[in-house]
Amino acid sequence: MILVTGAAGGPQGGTGRQVAEQLLQRDQAVRAFVHSDDERAGELRKLGADVVVGDLREIRDVRPAMRGVRRAYFTYPVTAGLLDATGAFAAAAREEGVERVVEVSQLDAQPEAGTPRMRRHWLSEQVFDWAGVGAVHLRAAVFFENLAVVADAYGELALPLGPPDTLLPLVAAADVARVGAGLLLDPAPADPVCLVTGQMATAAEAADALGVRYADLPPEEWERRAHDVYRDPYAVEHLSHLWAIFRFIGSGDHPLYRVTESIERVGGRRPVTIGEFAAARR
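Conventions used here
Residues numbered from 1 in each chain as written. Predicted model: local features only at pLDDT ≥ 70, side-chain atom pairs only at ≥ 80, totals over all residues. Heavy atoms only, no water. Buried < 20%, exposed > 50% of the residue type's maximum accessible area, 1.4 Å probe, protein only. Helix = DSSP H or I, 4+ residues; strand = E, 2+ residues; numbered from the N terminus. Pairing = 2+ DSSP bridges. Right-handed = clockwise from strand over helix to strand, strands pointing away. Axes fitted to C-alpha atoms, helices over the stretch in contact; angles between N-to-C directions. Parallel < 35°, antiparallel > 145°, perpendicular 65-115°, else oblique. Left-handed = near helix turned anticlockwise from the far one by under 90°. Contact = heavy atoms within 4.5 Å. Phe/Tyr/Trp six-rings, centres within 6.5 Å; stacked < 30°, edge-to-face > 60°.

Chemist: Please explain the pairing of strand E5 (residues 100-106) as it appears in this structure.
Modeler: The side chains of a regular strand alternate between the sheet's two faces. Most of E5 sits inside the fold, with seven of its seven residues counted as buried. Here E5 shows a buried face lined by Arg 100, Val 102, Val 104 and Gln 106 and a second buried face lined by Val 101, Glu 103 and Ser 105. Of the pairings in the sheet, the one linking strand E4 (residues 71-74) to E5 comprises four bridges and is parallel in character. If you follow Arg 71 over to E5, its bridge partner there is Arg 100. Each parallel crossover has a hand, and the one from E4 via helix H4 (residues 82-96) to E5 is right-handed. Of the strand pairs in this sheet, E5 and strand E6 (residues 136-140) are connected by five bridges, and their pairing is parallel.

Here it is, written out as structure tokens:
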């Protein structure tokens, strides 16, 4: 039995839903953890998943969901509660003797990272490591889907990134999901950190692929607009800091600015490009 969180999917990439579907297609026993028993949960049941409804931050919900599970996939949306959910999930996994937890982190998760969310992701990684549950941390780049949210909201890629040649490390949520599913099914030992970047693109290249123009916004205007789009101060805080990091690096070099081999090696195919992602959306 493999437990998959975020299995209903969502606007921030929905990797949990994709992982659940990929595992079910391979005839794996999947327990899908969802927050609401809605039509998406019903679709998962039709696909053969054992659906459980609960709050990842609540240990009383997580413990029964973990029973009989050998491997698990953990993802949490860009909102408040990451460390609460991590603690509950790690404690339940340790209690059950789970042998591998594949969890979605962020590319530059470290104690000195430039966004509070990345620093919390590093703390989350430490908790899973201390729990001794065979954690593998997927340190993923910026999802194409995050840029698509902006392009859809404004009709342009309006971000405070500076010049159009500012570089962005990007990845398709589908590629993160493929790597996650591959690690859940692989019986071999795995490195505790797996970097997942599918493409390096400039802001202008990303906008062109999405069929819009790039517009450099002043940070204050971006933040004001973002509250209307995301309606979550936590998400706006994280993204405001994230764009500032990329603006600071600009078109320069960075140790993490490279396409990683994990997508092809573990996920089984070359990375999706942002152009292919945009064409599939159209």
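Chemist: Would you mind going over unusual backbone geometry with me for this structure?
Modeler: For residues that are not glycine, phi is negative in most cases, and the peptide bond is trans in most cases. With a phi angle near 65°, Asp 27 is a residue other than glycine that sits in the positive phi range. Topologically, Asp 27 is positioned in the loop between helix H1 (15-25) and strand E2 (30-34). Take Asp 27: its relative accessible area is 71%, and that puts it in the exposed class. One non-glycine residue, Arg 231, lies in positive phi territory at about 50°. Residue position: Arg 231 is located in the loop between helix H9 (219-230) and helix H10 (233-249).

Chemist: Help me out: how do you make sense of the packing of H4 against helix H5 (residues 116-131) in this one?
Modeler: Between H4 and H5, the least distance of the axes is 9 Å, while the angle of their chain directions is 10°. The orientation of H4 with respect to H5, classified from their angle, is roughly parallel. Regarding H4 and H5, the two cross each other, and that crossing is right-handed. Within the contact between the two elements, H4 uses Leu 82, Leu 83, Thr 86, Gly 87, Phe 89, Ala 90 and Arg 94 and H5 uses Arg 117, Arg 120, His 121, Leu 123, Ser 124, Val 127, Phe 128, Trp 130 and Ala 131.

Chemist: Which parts of the structure should I look at to understand the environment of Glu 103?
Modeler: You can see Glu 103 is positioned in strand E5. Judged by relative accessible area, Glu 103 falls into the buried class, the value being 0%. Between the alpha carbons of Glu 103 and His 238 there is a distance of 19 Å; along the sequence they are 135 residues apart. Ignoring sequence-local partners within four residues, the contact set of Glu 103 consists of Phe 74, Ser 124, Glu 125, Phe 128, Val 136, His 137 and Leu 138.

Chemist: Can you walk me through the environment of Phe 246 in this structure?
Modeler: Within the fold, Phe 246 resides in helix H10. Sequence-distant contacts of Phe 246, that is, excluding residues within four places in its chain, are made with Val 142, Leu 161, Thr 166, Leu 167, Leu 168, Pro 169 and Tyr 257.

Chemist: Which parts of the structure should I look at to understand the packing of aromatic side chains?
Modeler: We describe a pair of aromatic rings using the distance from one ring centre to the other and the angle between the two ring planes. The tally for this structure, following the rule as stated, stands at seven aromatic pairs. On the numbers, 5.0 Å between centres and 50° between planes, the contact of Phe 74 with Phe 89 is tilted. Here the residue Phe 74 occupies a position in strand E4, and Phe 89 occupies one in helix H4, the gap between them amounting to 15 residues. You can call Phe 89 buried: its relative accessible area is 0%.

That's the geometry; what it means functionally is another story.
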